[in-house]
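Survey of secondary and tertiary structure
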Amino acid sequence: MAKRLLSWNDLKTLQKELTKNINPKSRWIAICEGTGCRVYGCLDVSKALEQELQKQGLNNVKIMHTGCHGFCERGTLMVIHPEGIFYSRVKPEDVVEIVEKTIKNNQVIERLVYVDPQTSKKIPYEKDIPFYKFQKRMLLGQNQKISPTSINDYIAIGGYQALAKVLFEMTPEQVISEVKTAGLRGRGGGGFAAARKWESSRKASGEPKYIICNADEGDPGAYMDRSVVEGNPHSVIEGMIIGAYAVGSSDGYIYIRHEYPLALHHITEAIKQAHEYGLLGENILGSKFTFDIKISRGGGAFVAGESSALMQSIEGRVAEPRAKYVHMAEHGLYNKPTVLNNVETWANVPLIINMGSAAYGKIGTENSKGTKIFSLVGKINNTGLVEVPMGVTLKQIIYDIGGGIKQGKKFKAVQTGGPSGGVLPADKLDLAVDFDRLTEAGSMMGSGGMIVMDEDNCMVDVAKYFIGFLQEESCGKCVPCREGLKRMFEILNKITDGKGEESDMQTLDDLSQLLNDGSLCGLGNTAQNPVLSTIKYFRDEYEVHIRDKKCPAKVCKALIRYQINKDKCTGCYLCFKNCPSNAITGQIKQKHEIHQDKCIKCGICYDVCKFDAVTKE
Amino acid sequence: MYKVKIDGIETEVNPGTTILSVANQEFVEIPTLCYNENVEPRGACRMCTVEVEVWGRKRLVTACNYPIQADIVIDTQSERVKKLRRLILEVLLARTPDSPRIKELAEKYGVKQPRFNLEKTHDNCIVCGLCVQACKDIVGVSAIGLSERGIFRKPITPYEESSHTCIGCGSCVYICPTDAISMVDKDGKRYFERWKTEFKLVGCESCGTHFATDVQIEYFKKVMGKDDPSLHFCPNCLVLKETKK
Amino acid sequence: MDLTKVDKILTNHKNDKAMLVAILQDVQDEFRYLPKEVLNHISKSLNIPLPEIYDVSTFYKAFSLKPRGKHICSICMGTACHVRGAPVILETAKTHLKIEPGQNTPNMQYTLNTVNCVGACAVGPVIQVDGSLYGNLTSMKTIQLLKKFEKD
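The rules behind the values
Residues numbered from 1 in each chain as written. Chains lettered and ligands numbered in written order. Predicted model: local features only at pLDDT ≥ 70, side-chain atom pairs only at ≥ 80, totals over all residues. Heavy atoms only, no water. 1 Å grid on protein atoms, 1.4 Å probe; cavity = no way out; pocket = protein on both sides within 12 Å on 5 of 7 lines; lining within 4 Å. Points joined across faces, edges and corners; volume = space filled by probe spheres on them. Helix = DSSP H or I, 4+ residues; strand = E, 2+ residues; numbered from the N terminus. Contact = heavy atoms within 4.5 Å. Buried area = accessible area lost by both parts, 1.4 Å probe. Salt bridge = Lys/Arg side-chain N within 4 Å of Asp/Glu carboxyl O. Polar contact = N/O pair within 3.5 Å; in protein donor to acceptor, adjacent residues only side chain to side chain. Nonpolar A, V, L, I, M, F, W, Y, C, P; charged D, E, K, R; others polar. Buried < 20%, exposed > 50% of the residue type's maximum accessible area, 1.4 Å probe, protein only. Pairing = 2+ DSSP bridges. Axes fitted to C-alpha atoms, helices over the stretch in contact; angles between N-to-C directions. Domains from an automatic or database assignment.

**Remarks on empty space enclosed by the protein**
In this structure the tally under the stated criterion is 6 cavities of 30 Å³ or more. Within this model, the largest cavity holds a volume of roughly 120 Å³. Lining the largest cavity, in full, are D216, G218, R257, E259, G300, A301, F302, F469 and E473 of chain A, R149 of chain B together with K61 and N116 of chain C. One number sums up the size of the second largest cavity: a volume of about 100 Å³. What lines the second largest cavity is a set of 14 residues, and nearest its centre among them are C135, C166, C169, G170 and C172 of chain B. Every element with two or more residues in the lining of the second largest cavity is listed here: α4 (130–139) and α5 (171–175) of chain B.

Below, the structure written as structure tokens:
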């Protein structure tokens, strides 16, 4: 059992103790064990490395099992310090060579080195890789230095110092004022000023007051919060304690998605450790301040991202939003004053205290301060999590950091803001990304999903995808959202089935108004955005579907067909053998044929044919 | 007191008064479906949406549950409101093309043929939730509840099986704004198609008319803590008995 | 059915009505679905009307009222997976297993589900089988993956 820290001094002493033996020249290896790298089998790499180091008697080489580094495309990631040599796509069978050459003899292994897809240049050091070089990793950078299950690692890099400073040197009002000056806006969606919520909750009457962290990251295509909770859970906890002190709250909740088992495990462990050190519970760090955090597992409902619905869920009910004519800051959880912010927002709080609001305020644009983490995914070379100062352009993110579009294809659009957001076309690539610019362009920041699409993506299909998603996730309470989304989905299906009519465009517009003006909560109020933004920027694509019954991107299943070119078919049997729906007939060495009535358009025949005999049109 | 101007009519109200009650007081008509004064407003149907201006900012709110917290100008007939009403009725009419109440409202507000496929389920339910609220908050039984979500959300008995807790009082039938719950009294029995539940009816000790279910009588005995003459006679005979006295 | 396990779960949550969602999650972890008998038991123990428990059980996607197969295969339908071809993966899995999402195979080997993003967007399209993630899938790889779990 760890020793309770009874004062700021105890914390400082512990930090000194932990960093005493760190030699900047000593060798250590950071292995990414985030969710992405786990898919690539990083745990096997870790195990192999541990065994090899032991076998070689290299006990002084420390392995740091870290959370997500962000460059998920290249997993398994390994960084060898102190030089910062960056290896990607590492497999267990590479380990022996890595230990022999790099660890023991300081040689760089060429084949594991990153190759820039733009310039084909080999880049051995992490700091030189464009993906990292152009980011500002104030939050994510910490992930690479610590093991998420070790509170000592967090304390060693200065963790909980902001909390101590707040407890012993600042009044709650000063904390609120500092966060206000820093200009922190909520990273979960609307971008509401954090300090304003805190202030009204502090002033509101009613006890106890609640602090909630929304870790129910429901935006499809976004996993920033997952990586922060998985990789650096203490930063979230520290932010929450500071917020609680500012608001005057003694009770906190973390509402976490049930689909994130690793994040749940790490946050549970972190809360336990913080307790043992006296950083949570009664008289934190020997002060008079008391605060505790409970974990509430989400039940699997996107609508729970809406604040009043989330609170209903914590109270054990269905996540149905309530009318928002009373503010959550005054009447929230159990009808008590409540402050709700998401993971990334809370994790920013210790940074603000440590840097000072003035320095923090220098990062970003006039009304959007600090950095923002984006999940840069889709048809992009460098898929992963990127953290950039607010105000960088889409082009910088997609090309400089993201390395451009996969397989040299043409950029078509980028979707931001999840189901409440919209798509932005190529001529918006120079847009400076912050809360207000994105909203002006018809999209929004949302929680930070950034899904890149190329010429092979159909914009009507994308709109249909989001409306289908929302239709499934609508709670069903209010008529406009429940019925409006159903009808919108029907019409979009009609269009992608080649049965669209000219008048459908007007109906979509009317339904958008129904959703926006009539819905009870934010889910419905913004649900029209994917449709309106695709119509705004890609109207011609809708028209081609409706008028010519064609899908230019060849995505909409009803409008495409796979066929076998008899001149090229050799009757090799491969497509026949692999077709999952038995839609292909033909004898070996004879021309094959695809029966359209049975074809599910899975594209396997297209992929397996070695003679380009299968065509898609 | 706050100053209120509703469709041009000026008045003053206490803080917390809802727009709908001001409207009723001033004889301004606002259409409603899921509103019932005996239960807490859920604001689910959105029919009562009106446009308000508070502190110089215009927005749409639902009249049934918007508490007046400042001086306010209310417009129940703005173009935005009228269009929204028509759109709500259009999707509702497509959902429940047989409901007389929806048809009547649709006609009143100028909605003719919905542009959508009409549902053919012959179910008039608009999932307003009033039946569930009545069962829980008025009757105190909670025999029915909502289930599923989104487009599949609907009021049901658990597992859509005959209910053990329903008392067959019919409050759900009376409160339903769209006549979506059928209650049939026949051959001494009462049957609720939607709840798949059947009851034995009890006759008035004086005239023999069936006036309640046996479970209902037992439930009332339990709630009142005693047997009572009102549990033996139909409302008509009760009145007669009272007057005779 | 062993209701003492349910009582233990209830005690862990101090028989608190507000913990209903958490209690149901523990029940689901224990039994792999929410058996009717257990819901009735919780209703009586916590004095929550059964319709309210039924509402919560059918509202959240994490819960299942039906027994589920030995392997739970969830196909990620998140945006990143969608633009990289998740609908085709789903179609392939449906055709291969001959069931729709939400159903079990007749031999109870598989339950097919869809999930709206598992947060592994960088390696999409993704399938989750029994909690483990498999990424960068194609139709071919999907069938290979499904075959792997068919026998054990």
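**Focus: the interface of chain A and chain C**
Every contact between the two is made by 57 residues of chain A and, on the other side, 39 residues of chain C. Taken together, the two surfaces of chain A and chain C that pack against each other cover about 3,800 Å², and 60% of this comes from carbon and sulfur. Connecting chain A to chain C are 5 salt bridges. In this structure, the salt-bridge partner of K61 of chain C is E472 of chain A, at a minimum N-O distance of 3.3 Å. The tally of links from chain A across to chain C stands at 26 residue pairs in polar contact (both at pLDDT 80 or more). Sorting the residues of the side of chain A that touches chain C by element identifies α2 (35–39), α14 (307–314), β11 (371–378), β15 (449–454), α19 (459–473) and α25 (604–608) of chain A as the ones contributing at least two each. If you tally residues by element for the side of chain A that touches chain C, the top one is α19 of chain A, at 6 residues. Residue composition of the side of chain A that touches chain C, grouped by class: 27 nonpolar, 15 polar and 15 charged.

**With respect to the pattern of salt bridges**
Using the criterion set out here, one finds 61 salt bridges over all chains in the structure. Note that E17 of chain A is salt-bridged to K20 of chain A, the shortest N-O span being 3.4 Å. Take E17 of chain A: its relative accessible area is 47%, and that puts it in the partly exposed class. Judged by its relative accessible area of 54%, K20 of chain A falls in the exposed class. For the salt bridge of E173 of chain A with R202 of chain A, the shortest nitrogen-to-oxygen distance reads 3.3 Å. Of this pair, E173 of chain A sits in helix α9 (residues 172–182) while R202 of chain A sits in helix α10 (residues 194–203), and the two are 29 residues apart along the sequence. By relative accessible area, E173 of chain A is classed as partly exposed at 46%. Each of the salt bridges in this network shares a partner with another, and the network as a whole consists of E73, R89 and K406 of chain A together with R84 of chain C.

**Focus: the sheet that holds strand β3 (residues 127–129) of chain C**
All names here are of chain C. Read across the open sheet, the 4 strands follow the order β2-β1-β3-β4; overall the sheet is mixed. Of all strands in the sheet, those with a lone pairing partner are β2 (110–115) and β4 (132–134), marking the two edges. In this sheet, adjacent strand axes meet at a mean angle of 25 degrees when their direction is disregarded. Across the sheet, helix α6 (residues 86–97) touches β1 (71–76), β2 and β3, and the angle it forms with β2 is around 165 degrees. Against the sheet, helix α7 (residues 139–148) engages β1, β2, β3 and β4, with an angle of about 5 degrees to β3.

**A look at the pairing of strand β8 (residues 251–256) of chain A**
All names here are of chain A. Where burial is concerned, most of β8 is hidden: 5 out of the 6 residues are buried. For strand β7 (residues 210–215) and β8, the ladder comprises 6 bridges, and the chain directions are parallel. Considered in β8, the bridge of N214 is made with Y255.

**What to know about the domain arrangement of chain C**
Partitioning chain C into structural domains gives domain 1 (3–59) and domain 2 (71–148). Computed from C-alpha coordinates alone, the two centres of domain 1 of chain C and domain 2 of chain C are separated by 29 Å.

**A word on the domain arrangement of chain A**
Looking at the assigned domains, one finds that chain A contains domain 1 (26–81 + 85–124), domain 2 (151–361), domain 3 (371–454), domain 4 (459–548) and domain 5 (561–616). Once you take the C-alpha centre of each, domain 1 of chain A and domain 4 of chain A turn out to be 46 Å apart.

**Here's the deal with the sheet that holds β7 of chain A**
Residue and element names in this part refer to chain A. Ordered in space as β9-β8-β7-β10, the 4 strands form an open sheet in which the pairing is parallel. If you trace the sheet from one side to the other, it starts and ends with β9 (292–297) and β10 (338–342), each paired once. Along the sheet, successive strands turn relative to each other by an average axial angle of 20 degrees, direction set aside. Here 5 bridges tie β7 to β10, and the two strands are oriented parallel to one another. Along β10, the bridge assignment pairs I212 with L340. Along the sheet, helix α12 (residues 233–247) contacts β7, β8, β9 and β10; its crossing angle with β7, the most-contacted strand, is approximately 150 degrees.

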